[in-house]
Amino acid sequence: MPFDDELATYSAHTVCSDPGRMTEWIGEQPGDLAELRRRVSGLVFHYRANGDPSRHGFGGDRLAEIDLRYAEEQFARLAELKADRLDGRRAPTERILGCCRDFTLLFVSLARTAGIPARSRVGFAGYFDDGWWIDHVVAEVWDADAARWRLVEPQLREGIVDSATGAPLDLVDVPRDRFLTGDQAWSGARAGRIDPERCVVAPEFESPALRSWQYLAHNLVLDLVARAGHEALLWETWGVLDEFLAGVPDAALTADLDHIAARLADPAVTLDEVRALAADPRFAVPEVVTNHSPLDGSTRRVALRTR
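Residues numbered from 1 in each chain as written. Predicted model: local features only at pLDDT ≥ 70, side-chain atom pairs only at ≥ 80, totals over all residues. Heavy atoms only, no water.

Looking at this model, I keep getting lost on the overall build of the protein. Mind explaining?
Along the backbone of the protein there are 10 helices and 10 strands. Across its three principal directions, the C-alpha atoms of the protein cover 55 × 45 × 45 Å. For the protein, the exposed area adds up to about 13,000 Å²; of that, 51% sits on carbon and sulfur atoms. Positive and negative side-chain charges of the protein, numbering 35 and 50 respectively, have mean locations separated by a distance of 3 Å. (Helix = DSSP H or I, 4+ residues; strand = E, 2+ residues; numbered from the N terminus. Areas by Shrake-Rupley, 256 points an atom, 1.4 Å probe, with all protein chains shown as cover. Lys, Arg positive; Asp, Glu negative; His and termini not counted. Charge placed at Lys NZ, Arg CZ, Asp CG, Glu CD.)

Structural data, given as structure tokens:
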């Protein structure tokens, strides 16, 4: 069971989750996870949903929204698109363009605003496409009554059916065998419990950097830094992540990743230990990162806020 100070940390905002100047606009938030999840599911339009965003009314000037990093920026854009507060319905073009990371960041931001300990978890979902583990981000929320962390799926609408099991997916308590956090996926592949070749950004993406061991390592590092307090964009790299673009981890780095995965999976791991692992110069998020646009493949250097 986490210590009270750890739960207090996950109840407080990070640089990315802080609504900042938009705090008054978002207003009070309910403590009900299902209601928070419902609100967030209508705030983002996935940039890869049903093909080109332009087919859904998004002009080229909207594409840059996928790089909105901070919840404050996202809420500000939502207010520009529709002045109503967050409990109403929004047409697709009244939502921001984004991906699973953004649904989750907004959910975590609202949960923390409501005083609920919450964090982002980066890993792979088994419920989108039977037989595949698809790159995904969900929220992890502390359930005080059950004294455990539970997974919450902010992106999907009610009634979604797990493609593998055929059963409705519990969106506010996703089974641990249907979403694998970065540490679970890495350790599962290393132990032979899951096929690394089935762990992908999308089955149709053939780039080696977007599948198998390279992407398993990528998501393990992103999961580590999310646990430590940085909710990164999924297509940005730094340090060791640049190495994963070029090839699979070597033996020494693989051993270090094994250690990270084992520590993240241990219920007794402390937040101080997680932060120490994330502070390693190979994994630590620097002041400037490289953005690899999933839209056109271009790269650019981006300076991050420190607060």
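Next comes the rest of the account.
Looking at this structure, I do not really get the nonpolar core. What am I missing?
Proteins that are soluble and globular tend to have nonpolar side chains buried together. Membership of the largest hydrophobic core comes to 77 residues, with the highest contact counts inside it found for Phe-75, Leu-106, Phe-107 and Leu-257. In this structure Leu-257 touches Trp-186, Ala-217, Leu-220, Val-221, Phe-244, Pro-249 and Phe-283, once residues within four positions along its chain are discounted. Listed in part, the 9 residues of the second largest apolar core include Tyr-127, Leu-151, Leu-171 and Val-174. (Core = buried A, V, L, I, M, F, W, Y, C linked by side-chain atoms within 4.5 Å. Buried < 20%, exposed > 50% of the residue type's maximum accessible area, 1.4 Å probe, protein only. Contact = heavy atoms within 4.5 Å.)

Could you clarify how one ought to interpret the packing of aromatic side chains in this entry?
Two aromatic rings are characterised by how far apart their centres lie and by the angle between their planes. Taken as a whole and judged by the stated rule, the model has 7 aromatic pairs. Look at Tyr-47 and Trp-235: their rings are 5.7 Å apart centre to centre, the planes differ by 75°, and that puts the pair in the edge-to-face class. One end of the pair, Tyr-47, is in the loop between β1 (44-46) and α4 (71-81); the other, Trp-235, is in the loop between α7 (212-228) and β8 (236-237), and 188 residues separate them in sequence. When sorted by exposure, Tyr-47 lands in the same class as Trp-235, which is buried. On the basis of an interplanar angle of 75° and a centroid distance of 5.4 Å, the ring pair of Trp-186 and Trp-213 is categorised as edge-to-face. Of this pair, Trp-186 sits in helix α6 (residues 182-190) while Trp-213 sits in helix α7, placing them 27 residues apart in sequence. Between Arg-119 and the ring centre of Trp-149, over which it is positioned, the NZ or CZ distance is 3.7 Å. The aromatic ring of Trp-132 is capped on one face by Arg-198, whose charged end is 3.7 Å from the ring centroid. (Phe/Tyr/Trp six-rings, centres within 6.5 Å; stacked < 30°, edge-to-face > 60°. Lys NZ or Arg CZ within 6 Å of the ring centre and 35° of its normal.)

How do you make sense of unusual backbone geometry when you look at a structure like this?
Note: most peptide bonds trans; most residues except glycine with negative phi. Positioned with a positive phi, Ala-147 is a non-glycine residue whose angle comes to about 55°. Looking at the secondary structure, you find Ala-147 in the loop between β4 (133-143) and β5 (148-152). One non-glycine residue, Ser-212, lies in positive phi territory at about 55°. Positionally, Ser-212 belongs in helix α7. According to the relative accessible area criterion, Ser-212 is buried, its value standing at 8%.

It is not clear to me how the pattern of salt bridges should be interpreted in this structure. Could you clarify?
Two side chains with opposite charge may pair up if their charged atoms get near one another. In the structure shown here, the tally under the stated rule is 29 salt bridges. Across the salt bridge formed by Arg-305 and Glu-72, the nearest N and O atoms sit 3.1 Å from each other. Of this pair, Arg-305 sits in the segment after β10 (299-303) while Glu-72 sits in helix α4, placing them 233 residues apart in sequence. Residue Arg-305 is classed as partly exposed on the basis of its relative accessible area of 33%. Given a relative accessible area of 13%, Glu-72 falls into the buried group. Arg-121 serves as the salt-bridge partner of Asp-223, at 2.8 Å between the closest nitrogen and oxygen. On the criterion of sequence distance, the pair formed by Asp-223 in helix α7 and Arg-121 in strand β3 (residues 118-125) is long-range, its members being 102 residues apart. (Salt bridge = Lys/Arg side-chain N within 4 Å of Asp/Glu carboxyl O.)

Where do I start with the environment of Arg-282 in this structure?
Note on placement: Arg-282 falls in the loop between α10 (271-278) and β9 (288-292). Look at Arg-282 and you get partly exposed, because its relative accessible area is 32%. If we skip the residues at most four places from it in the chain, Arg-282 touches Gly-239, Val-240, Leu-253 and Asp-256. Within the local environment of Arg-282, its side chain forms a polar contact with the side chain of Asp-256, the two groups lying 2.6 Å apart. (Polar contact = N/O pair within 3.5 Å; in protein donor to acceptor, adjacent residues only side chain to side chain.)

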